[in-house]
Number of protein chains: 2
Amino acid sequence: MARIVDRGTSTAMPRSADVARLAGVSQKTVSRVFNDEPYVSADVRRRVLEAADQLGYRRNNAARALASGRTRSIGVVSLGTALYGPASLLMGIERAARGTGYALRVVSTVEGDPAGISGAVQSLLEQGVDGIIISEPIDQGPVTVRVDVPVLVLGAPASFSAPLVLTTSVGSDLLARAATDHLLNLGHQTVHHLAGPQQWYSARDRLQGWRTALAASGRFEPEIVTGDWSAASGYAEGSKLIADPTVTAVFAANDDMAIGLIHALVDAGRRVPDDVSVVGFDDIPVSAHVLPPLTTVRQPFDAVAEEGLKLLLRAIEEPQDDLPSASDPPVELVVRASTACPPPRMTPGQGKRAATATNRGSHRSATSDGGPSIPH
Amino acid sequence: MARIVDRGTSTAMPRSADVARLAGVSQKTVSRVFNDEPYVSADVRRRVLEAADQLGYRRNNAARALASGRTRSIGVVSLGTALYGPASLLMGIERAARGTGYALRVVSTVEGDPAGISGAVQSLLEQGVDGIIISEPIDQGPVTVRVDVPVLVLGAPASFSAPLVLTTSVGSDLLARAATDHLLNLGHQTVHHLAGPQQWYSARDRLQGWRTALAASGRFEPEIVTGDWSAASGYAEGSKLIADPTVTAVFAANDDMAIGLIHALVDAGRRVPDDVSVVGFDDIPVSAHVLPPLTTVRQPFDAVAEEGLKLLLRAIEEPQDDLPSASDPPVELVVRASTACPPPRMTPGQGKRAATATNRGSHRSATSDGGPSIPH
DNA sequence: GGAGATTCTGACAGCGTAGACATGACTGCG
DNA sequence: CGCAGTCATGTCTACGCTGTCAGAATCTCC
């Protein structure tokens, strides 16, 4: 087990001057060694490192930040939830940040706090950051924050833009479209939508993607119901939705709500996928193993985080450069057992059975699976 | 939507001296105002705040840290995963930290990195933190880190202790025991265990709690199988476990594995809970809505995070004080529909049918249902 | 062999704040 | 009235590092 040892109050933290004295060089040279600056002879470098090691020297970050004007840390505004999406994105950012030499400062917005995002940004600026990532933003009405570092907004619409602000799509709309198209291709007349809370941009994106898919196929756009991302809301709102017996296909804005919806369907005596097909969104870890295993789309959190961070670091380090906009992340549909062709009576006299049959099970991505039960 | 506005490169960041000049006071007085020090007249305070507001002044954290020797931030070593447990704990810490005046610096350990926790601690110390929280630690073999700030280890065994190190139980063992006892009380002869990866202390705690419960009731302790927390491993390892037809009750070390296990049971033609009862651990958001709704225990993440943080801040701010050890968090068992009395043939000649009927088939979905569950 | 370029090292001056200490102004009280 | 005590503010400086510049040592090449 890791042992954690007190360094003892007797010895104060050594500073670079102490190392310099021990190594017989100037304090500035120690600084050079630790910053990997050129023009330090191999011999001196070795002596400095040895002395530093012997004293247990560590650079003082505060002093570095003060002297250089750069804090070497970036702030992340996250949502104070353990929801799979936000949490995954945060972890993706953490992973991407590692090895860049930048540390992460995380604050999260308080639900119901009117200051919200702007308050969080404010507090990050006070802490001192070289850049800010706003992950999974929520629309909280017009607020203005004065910022002097680059800001990256993950998954916000263009309307968020302003000087120094970068935006990156997380591809929610495309994924939502793919999910809806999958159901349409199976032969469903139309697809209903169990939407996420509309203050969330990602929920709006998914709604939009669903609409686009329906419009592109010239289908009727039914009324939506809106949940709060939770399985409980999926159950409650889903129950309302499926009160309509003509519903044969539902696209839920996340997997949790999809699972709640399936629960509601089963409680109502409807079979999934025989009577109603359900598609989720996120591919949360349990989706492959709930009953029935859930067809869903997978968000490329790591790719989004990595690309976004790269963009931000470039804005920090090469302020003069033009910034390329990020490319669209890949669409990954995971077909499992919660979707199927509509029940016969719901597709009156259409010669589509062959096409439908072909279509079923053909939508799998590399990660998807064979039959209804799918270990990965 | 929040507008983010560049402050413009023309104007440099104002410093306290600028505010002081505008307010007609000394720089030190500005410092006093912003630190809420006593002995500043109301009039001066107002003038300073006005001037600061006018200039858009923000304190420079690096300078503050350098001058005061305190960074006002605490570091969190987290696991680089979006698993519900670790993510929830991290959010709990974030929530608890808010309002304390301490910022959070997060680093996560890389899976497979030999440096692991010690490397993460090292990097936090370099960034400069006043204290460190190690959340959900993993045993990575003997490593020694030299530390000069208080360290709080959430959910590590006593063996982790060392000077300046605090430990807090997350109560996994008690919760595991409650889960196991619940199954025993339903009349099962014994309870099998689908364990988590044993490098995780929390997985060990759960194993231990299960053992304790069995021993306390004088039951036979069956062989365990071990998963990796994922639903997929729950399916795969669970399949091995239930190859034994005498299994009537399984305690899984987390909900994901429990869900995978139920999937495996259903694929094997065993009914849940009629043939086999399953208890999970965590109460992840979908647990109330998977089929059947999962009986599980809920971890008091917020309580643990809050109490732990309080402990740590006390160690930071009153180093002389004796530190009280944290109290045991509450045990919260959530009984849903995945558990019932064992099938008749498994409980030879016991007059328990009435109890079974009562318990079974009550597919209540709300998290705090009646009966044996314990609402908080 | 010496002008110029290149490599290495050091002296010095901040960076923006908080702490130690000094200094008045004012208060209360014998 | 004078002295101690409290309150309000200012002066000066250290915090530990990096950026700038200067100087010394070494190399390069005709």
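Given the structure is predicted, the values throughout are model-derived calculations rather than measurements.

1. Comments concerning the overall build of chain A
For chain A, the count of helices and strands is twelve helices and 13 strands. Buried residues in chain A amount to 52% of all 376 residues. For chain A, long-range pairs separated by at least 24 residues make up 70% of all intrachain contacts whose partners lie at least 6 apart in sequence.

2. What about the environment of Gly75 of chain B?
Residue and element names in this part refer to chain B. Tracing the backbone shows Gly75 in strand β2 (residues 73-79). Residue Gly75 is classed as buried on the basis of its 27 C-beta neighbours within 10 Å. Considering only alpha carbons, one finds Gly75 and Ser135, 60 residues apart in sequence, at a separation of 10 Å. Dropping the residues within four chain positions of it, Gly75 is found in contact with Arg105, Val107, Leu124, Gln127, Val129 and Ile132.

3. Considerations on the sheet that holds strand β9 (residues 225-226) of chain A
The strands making up a sheet are joined through hydrogen bonds of the backbone, oriented either antiparallel or parallel. Residue and element names in this part refer to chain A. The strand order across the open sheet built from four strands is β9-β8-β10-β11, with neighbouring strands paired in parallel fashion. Of all the strands in the sheet, the pair left with one neighbour each is β9 and β11 (277-279). In the sheet, strand β10 (residues 249-252) pairs with β11 via three bridges, with the strands oriented parallel. Following the sheet pairing, Ala249 is matched in β11 by Ser277. Contacting β8 (192-195), β10 and β11, helix α10 (residues 255-267) crosses the sheet at an angle of about 145 degrees to β10.

4. A closer look at the environment of Ala63 of chain B
Residue and element names in this part refer to chain B. Mapped onto the elements of the fold, Ala63 is located in helix α4 (residues 61-68). Among the residues examined, Ala63 registers 16 C-beta atoms within 10 Å and is labelled partly exposed. Along the primary structure Ala63 and Thr339 are separated by 276 residues, whereas in three dimensions their C-alpha atoms are 59 Å apart.

5. Here's the deal with the protein's contact with DNA strand C
Neighbouring DNA strand C are 25 residues, the closest being Arg15, Ser16, Ser31, Ala63 and Ala67 of chain B. Of all the elements in the fold, those that place two or more residues in the surface near DNA strand C are α2 (27-34) and α4 (61-68) of chain A together with α1 (16-23), α2 (27-34) and α4 of chain B. Take the surface near DNA strand C: its biggest share by element is five residues, from α4 of chain B. Residues belonging to the surface near DNA strand C are distributed by class as follows: eleven nonpolar, nine polar and five charged.

6. Things to note about the pairing of β8 of chain A
All names here are of chain A. The alternating pattern of β8 places His192 and Leu194 on one face and His193 and Ala195 on the opposite face, and all of these are buried. With three bridges joining them, β8 and β10 adopt parallel strand pairing. Following the sheet pairing, His193 is matched in β10 by Phe251. Here β8 pairs with β9 via two bridges, running parallel. Residue pairing across strands places Ala195 opposite Thr226, the latter belonging to β9.

7. Some details on helix α9 (residues 231-241) of chain A
Think of an α-helix as turning once every 3.6 residues; residues three or four places apart then point the same way. All names here are of chain A. Burial analysis of α9 places eight of its eleven residues in the buried class, which makes it a mostly covered element. Turning to α9, its buried residues number three or more, namely Ala231, Ala232, Ser233, Gly234, Tyr235, Glu237, Gly238 and Leu241. Looking at the buried positions of α9, the neighbouring elements they touch are β8, β9, β10 and α10.

8. Focus on the sheet that holds strand β10 (residues 249-252) of chain B
All names here are of chain B. One open sheet accounts for four strands, arranged β9-β8-β10-β11; its pairing is parallel. At either margin of the open sheet sits one strand with a lone partner, and together these are β9 (225-226) and β11 (277-279). On the sheet, helix α7 (residues 172-185) packs against β10 and β11 and is oriented at approximately 165 degrees with respect to β10.

9. Digging into unusual backbone geometry
Excluding glycine, residues mostly carry a negative phi; peptide bonds, for their part, are mostly trans. Here the amide bond leading from Leu291 of chain A into Pro292 of chain A is cis, since omega sits at -10 degrees, within 30 degrees of zero. The residue Pro292 of chain A is located in the loop between β11 and β12 (296-298) in this model. The backbone phi angle of Asp36 of chain B is positive, close to 55 degrees, even though this residue is not glycine. Relative to the elements of secondary structure, Asp36 of chain B occurs in the loop between α2 and α3 (42-55). According to the C-beta neighbour criterion, Asp36 of chain B is exposed, with 8 such atoms within 10 Å. Positive phi, normally seen in glycine, also occurs at Asp282 of chain B, with a value near 130 degrees. Looking at the element boundaries, Asp282 of chain B is found in the loop between β11 and β12 (296-298). For Asp282 of chain B, a count of 25 C-beta atoms within 10 Å translates into the label buried.

Analysis parameters
- Residues numbered from 1 in each chain as written.
- Chains lettered and ligands numbered in written order.
- Predicted model: local features only at pLDDT ≥ 70, side-chain atom pairs only at ≥ 80, totals over all residues.
- Helix = DSSP H or I, 4+ residues; strand = E, 2+ residues; numbered from the N terminus.
- Buried ≥ 20, exposed ≤ 12 C-beta atoms within 10 Å, placed from the backbone.
- Contact = placed C-beta atoms within 7 Å.
- Pairing = 2+ DSSP bridges.
- Axes fitted to C-alpha atoms, helices over the stretch in contact; angles between N-to-C directions.
- Near = placed C-beta within 6 Å.
- Nonpolar A, V, L, I, M, F, W, Y, C, P; charged D, E, K, R; others polar.

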